[in-house]
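# Per-entry structural report
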Amino acid sequence: MKTTKKHWKKTELQIYVLLLCANADSMETDEEINLIKSKTDPDTFNKMYKEFISDTLDESLEKIQQNIYKHYYSHMELIEFRKEVNAVFLSDKKIHQMERNLDRILDNIIY
């Protein structure tokens, strides 16, 4: 695995996680991408998207885990973060099995 320790800002971490969620069923829809883009500026989105597409699932999860512990998240921030994750999952009106699996993995990492 080629992961290096990169320290992201909270916003960068959030965008990366949402990109992973959008790609959980191996298909990013326009609705998912537009929702994610609405959460940040174009430069941050492009930076994180470029990094995301070059990573494997294992590398993505490792990077998320490395960065989640760097930041202190309040209970309210975690609730809001989970709402955003669910919004991406539900943007195509159904939650696929692979999205459910990723949701459980993220729960284990985040909490």
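Here, the structure is the one placed above.
The structure contained in this document is the topic of the report that follows. The model shown is predicted, which means the values in this text are computed figures rather than measured ones.

Reading the values: the criteria
- Residues numbered from 1 in each chain as written.
- Predicted model: local features only at pLDDT ≥ 70, side-chain atom pairs only at ≥ 80, totals over all residues.
- Heavy atoms only, no water.
- Helix = DSSP H or I, 4+ residues; strand = E, 2+ residues; numbered from the N terminus.
- Expected span 1.5 Å × (residues − 1).
- Buried < 20%, exposed > 50% of the residue type's maximum accessible area, 1.4 Å probe, protein only.
- Contact = heavy atoms within 4.5 Å.
- Salt bridge = Lys/Arg side-chain N within 4 Å of Asp/Glu carboxyl O.

Here we come to helix 1 (residues 10-22). With 13 residues, helix 1 ought to run about 18 Å at 1.5 Å a step, and its terminal C-alpha atoms sit 18 Å apart, in line with that. Restricting attention to buried positions, one finds in helix 1 the residues E12, L13, Q14, I15, Y16, V17, L18, L19, L20, C21 and A22. Against helix 2 (30-37), helix 3 (42-53), helix 4 (57-68), helix 5 (75-90) and helix 6 (97-110) lie the buried residues of helix 1.

What follows covers the pattern of salt bridges. In a structure, side chains of opposite charge can pair up when their charged atoms sit close to one another. If you walk through the whole model with that rule in mind, you get 7 salt bridges. For K47, the salt bridge identified is with E12, shortest N-O distance 2.6 Å. Residue K47 is located in helix 3, and its partner E12 is located in helix 1; the two are separated by 35 residues in the primary sequence. With a relative accessible area of 43%, K47 lands in the partly exposed category. For R82, the salt bridge goes to D107, with nearest N and O atoms at 3.3 Å. Highlighted residues: R82 in helix 5 and D107 in helix 6, separated in sequence by 25 residues. On the accessibility criterion, D107 (27% relative accessible area) is partly exposed. One network of salt bridges, with partners in common, ties together E51, D55 and K63.

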